[in-house]
Amino acid sequence: MSVQDVRDVAKKPGLIQVLHDTRYVFWREMLLPLRDPFSLIFSLIQPLVFLGLFGPLLGSAVGAPAFGGQSTLQWFLPGVVVMIALFGTSMTGSNLQYELMTGSYERILATPLSRSSLMIGRALKEWAPLVVQGLLIALVCIPFGFVFYPLHVLFGLVILGIFGIGLGALSYALALVSQNKEWIFWGVQQTLLFPLMILSGIMLPIEAGPDWMKTASWFNPLTYLVNAERELFAGNIGSDTLLGLLAASVTAAVGLVVGIRAINRNIR
Amino acid sequence: MIHTRKLTKNFTVKKETVEAVKGVDIDVAPGELVAFLGPNGAGKSTTLRMLTTLLRPTSGTATVAGVDVSVDPAGVRARIGYIGQGNGGGHSFRVIDEMMMQGRFYGMNTTDAAARAQELLKSLDLTNLAKRTVIKLSGGQRRRMDVALGLMHSPRLLFLDEPSTGMDPQNRANLWEHIMRMRAEHGTTIVLTTHYMDEADSMSERVIVIDHGRIIADDTAARLKANLAGDLLAVEVAAESAPGVRGLLGRAAAGGEVQENTHDGLVSFRLRLPEGARLAPALLKEMNDAGAPAQSLELKPPTLDDVFLELTGRNLREGADR
């Protein structure tokens, strides 16, 4: 049997195995915020500050018609939630960078854990605080005229979790390829993050922009995600939600394929 | 425990192929303690990384703990322990948390992992540091934690990559004490890489000398030294009687080089004398009979460094010649 043949029959971990392993990877990562709760408190304050300072400006600068008849808050809050998810899960690789520099990544790589669980577990850790953050800011906004649909919001957070696995895996892969050149990671992450964010209508309605921006937004998976969250936060489930779920699933699939290739490339 | 056949690893660096490991055959039986000895860049860590599935072989086969590294790498990883060159503990994590999670990664349940962690913390003098974050540990403490992590799941086969690099002599001795105790208690098979010849010499029963990606010697340290190097004999005679023993010492060196050095009316000869301790008394008598009595004598047993010099013409400590 040649080496190539051997590789083709190489055992792949089953789904149960991946879920099992993901749980442990997730738990290990969660120990960091749990052992140091201050980081959690700050992560709760940040979105509130953003919502409190940017929200009022948005309302008076853009004007109500651009929001399709909704209150500014109802329109803006889902965007903030997507933004937190975006910032959080795209940081997955940055936490990995420290572990790449010491030997702890290698130590974990030498355990029997499946490779995809390493990425999924880490991405979910960046997503987990979002559940608390999302619910908290929703509750805080109720007195200001925000209508809270708990089940819809929870479903919206699950979609963001799926998207987060994909983005987290891409971030993980980016950290691996930029190993020993850490600045590349930050350069790429920042350069991609802002255009993606603006072209999805997270902060300002894309409808208010020129046609080329609207066209560009069709090719941005984040657009579908933001639309889905807006639909769900408004208490509806429709085509936007489905498209958002699809965009999240495609991102997750692409992210995991790229991530696993990056891990395997590292052992070549 | 380990069987490799023509195990090869090529790296491509700037479109040039570098042959890091050139088809090595290694067989390690259960319970053995084997050291891969060689200068930096010799291919010993690359070999170790292929055996632990952290690198994929370019060609050849390797079976580790009964499992083919190419067919079921996760299966190999489940059966071995690995202590790498770096520190295994995540900087911001607590010692006990990392140990518990390590146990869980290997499928141990919480009760077993907790018991094992306490046992290891105690035997590695880490009990008081269990709740400390890794970044606050000293270098020696971190290395002991690495050993604790590597032993959490009580592997039958343990790989150590440069286990004592950068450690002070006391910590090194300490580390070895723990490894040896574990081996005595559990019969663990141990494979390590080192470029400290004294470490390979004193700790390993078997030394595999690797240079330029090839195995150039594989035997016990004692036999390697006896067969390849011989004792270093330095003997001084009065300058006027030196000509009388030159031929005699040349024959004793059996074709080896005899260095000569004149100072203060004495000539000192230095040569390699296989089985020196046994042959030296007879040699002294012959020198006496030849009218050139030895004024002083020094006999040094060979080191693995001498073996490496004999095998490659280079000094181990100078490292690889690139």
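All values derive from a computational prediction rather than experimental measurement.

### What to know about the overall build of chain A
Along its length, chain A carries 12 helices and zero strands. Counting from the amino terminus, chain A carries its helices and strands in the arrangement α-α-α-α-α-α-α-α-α-α-α-α. Taking the principal axes of its C-alpha atoms as reference, chain A extends roughly 65 × 40 × 35 Å. Across the 268 residues that make up chain A, the buried fraction comes to 41%. Across chain A, the fraction of contacts at a sequence separation of at least 24, relative to all contacts at a separation of at least 6, is 78%.

### Concerning the overall build of chain B
Of the regular secondary structure elements, chain B holds 11 helices and 14 strands. Overall size of chain B, expressed as C-alpha extent along the three principal axes, is 80 × 45 × 35 Å. Here chain B, with 322 residues, has 43% of them falling under the buried criterion.

### Digging into the interface of chain B and chain A
Each side of the interface is counted separately: chain B has 31 residues, and chain A has 28 residues. Per-element accounting of the side of chain B that touches chain A gives the leading share, four residues, to helix α3 (residues 95–105) of chain B.

### Concerning the environment of Gly244(B)
Residue and element names in this part refer to chain B. As for its position among the elements, Gly 244 is in helix α9 (residues 242–252). In sequence terms Gly 244 and Ala 217 are 27 residues apart; their C-alpha atoms lie 38 Å from each other. Filtering out sequence-adjacent residues up to four positions away, Gly 244 remains in contact with Ala 290, Gly 291 and Ala 292.

### As for the packing of helix α8 (residues 221–228) of chain B against helix α11 (residues 304–312) of chain B
The relative placement of two packed helices comes down to the angle between their axes together with the axis-to-axis distance. All names here are of chain B. The N-to-C vectors of α8 and α11 enclose an angle of 50 degrees; their axes lie 9 Å apart at closest approach. Judged by the inter-axis angle, α8 sits oblique to α11. Along this stretch, α8 crosses α11, giving a crossing that reads as left-handed. On α11, the residues that touch Ala 221, Leu 224, Lys 225 and Leu 228 of α8 are Leu 304, Val 307, Glu 310 and Leu 311. Of the residues belonging to the contact of α8 with α11, the class tally is six nonpolar, no polar and two charged.

### Some points on the nonpolar core
Membership of the largest hydrophobic core comes to 128 residues, with the highest contact counts inside it found for Leu225(A) and Ala148(B). Take this core: its biggest share by element is 15 residues, from helix α8 (residues 150–177) of chain A. In contact with Ala148(B), not counting residues within four places along its chain, are Met99(B), Leu120(B), Leu121(B), Leu124(B) and Leu126(B). Counting residues in each nonpolar core, the second largest holds 13 residues, with Leu233(B), Val245(B), Leu273(B) and Leu283(B) among its members.

### Points about the sheet that holds strand β9 (residues 206–211) of chain B
Residue and element names in this part refer to chain B. Read across the open sheet, the six strands follow the order β6-β7-β8-β3-β9-β10; overall the sheet is mixed. On the outer flanks of this sheet lie β6 (80–83) and β10 (214–219), each paired with one strand and no other. Sheet twist, expressed as the mean angle between neighbouring strand axes with direction ignored, is 15 degrees. Bridge count for strand β7 (residues 157–161) against strand β8 (residues 189–194) is five bridges, and the pairing is parallel. When the sheet's bridge partners are listed, Phe 159 is paired in β8 with Val 191. Its contacts with the sheet put helix α1 (residues 44–51) on β3 (33–37), β7, β8 and β9, and the angle it makes with β7 is roughly 145 degrees.

### Quick word on the confidence of the model for chain A
On average, residues of chain A carry a pLDDT of 84, and 91% of them reach 70 or more. Low confidence marks residues 1–9 of chain A, where pLDDT is under 50. Its contacts with residues over four positions away, or in another chain, come to nine contacts.

### Describing the packing of helix α5 (residues 92–101) of chain A against α8(A)
Residue and element names in this part refer to chain A. Between α5 and α8, whose axes approach to 7 Å, the crossing angle comes to 35 degrees. With respect to the hand of their crossing, α5 and α8 are arranged in right-handed fashion. From α5, Thr 92, Gly 93, Ser 94, Leu 96, Gln 97 and Leu 100 reach across to α8, where they touch Gly 168, Ser 171, Tyr 172, Leu 174 and Ala 175. Of the residues assigned to the contact of α5 with α8, the class counts are five nonpolar, six polar and no charged.

### Things to note about helix α5 (residues 139–151) of chain B
Across its 13 residues, α5(B) extends 19 Å between first and last C-alpha, which sits within 8% of the 18 Å expected from 1.5 Å per residue. Burial analysis of α5(B) places 10 of its 13 residues in the buried class, the great majority of the element. Inspection of α5(B) places Arg142(B), Arg143(B), Arg144(B), Met145(B), Asp146(B), Val147(B), Ala148(B), Leu149(B), Gly150(B) and Leu151(B) among the buried residues, and these make up the whole buried set. In this structure, the buried side of α5(B) is in contact with α6 (104–109) of chain A together with β6, α3, α4 (110–123), β7 and α6 (169–186) of chain B.

### Thoughts on the pairing of strand β12 (residues 259–263) of chain B
For β12(B), a buried count of zero out of five residues is recorded, marking the element as mostly open to its surroundings. With antiparallel pairing between neighbouring strands as the criterion, β12(B) and strand β13 (residues 266–273) of chain B make up a hairpin whose turn holds two residues, including Asp264(B) at a positive phi of roughly 50 degrees.

### A word on the sheet that holds strand β11 (residues 231–238) of chain B
Residue and element names in this part refer to chain B. In spatial order, the strands read β12-β13-β11-β14; together these four strands make up an open sheet with antiparallel pairing. Where the open sheet ends on each side, the last strands, each with one partner, are β12 and β14 (296–300). The sheet shows a mean angle of 15 degrees between the axes of neighbouring strands, taken without regard to direction. Bridging between β11 and β13 involves eight bridges; their strand directions are antiparallel. When the bridges of β13 are listed, Leu 233 appears paired with Leu 271. Contacts from α9 reach β11 and β13 within the one sheet, and its direction differs from that of β13 by about 10 degrees. Here helix α10 (residues 276–289) sits on the sheet in contact with β11, β13 and β14, set at roughly 20 degrees to β11.

### Some words on unusual backbone geometry
Among all residues save glycine, negative phi is the norm, and among peptide bonds the norm is trans. Residues and elements named next belong to chain B. Positive phi is not limited to glycine here, since Glu 162 has a value of about 45 degrees. Along the chain, the position of Glu 162 falls in the loop between β7 and α6. Positive phi, close to 50 degrees, is recorded for Asp 264, a residue that is not glycine. In this fold, Asp 264 is placed in the loop between β12 and β13. Looking at Asp 264, the number of C-beta atoms within 10 Å reads 6, which means it is exposed.

### Describing the confidence of the model for chain B
All names here are of chain B. On average, residues of chain B score 85 in pLDDT, and 98% of them are at 70 or above. Averaged over each element, pLDDT in chain B is lowest for helix α7 (residues 197–203) (77) and highest for α3 (94). Our summary of model confidence lists the complex with pTM equal to 0.82 and ipTM equal to 0.80.

### With respect to the pairing of β9(B)
Consecutive side chains along a regular strand alternate between the two faces of the sheet. Residues and elements named next belong to chain B. Counting buried positions along β9 gives five out of six residues, so the element sits mostly inside the fold. Of the strand pairs in this sheet, β9 and β10 are connected by five bridges, and their pairing is antiparallel. Considered in β10, the bridge of Ile 208 is made with Asp 218.

The rules behind each value
- Residues numbered from 1 in each chain as written.
- Chains lettered and ligands numbered in written order.
- Predicted model: local features only at pLDDT ≥ 70, side-chain atom pairs only at ≥ 80, totals over all residues.
- Helix = DSSP H or I, 4+ residues; strand = E, 2+ residues; numbered from the N terminus.
- Buried ≥ 20, exposed ≤ 12 C-beta atoms within 10 Å, placed from the backbone.
- Contact = placed C-beta atoms within 7 Å.
- Axes fitted to C-alpha atoms, helices over the stretch in contact; angles between N-to-C directions.
- Parallel < 35°, antiparallel > 145°, perpendicular 65-115°, else oblique.
- Left-handed = near helix turned anticlockwise from the far one by under 90°.
- Nonpolar A, V, L, I, M, F, W, Y, C, P; charged D, E, K, R; others polar.
- Core = buried A, V, L, I, M, F, W, Y, C linked by C-beta atoms within 7 Å.
- Pairing = 2+ DSSP bridges.
- pLDDT = per-residue confidence, 0-100.
- Expected span 1.5 Å × (residues − 1).

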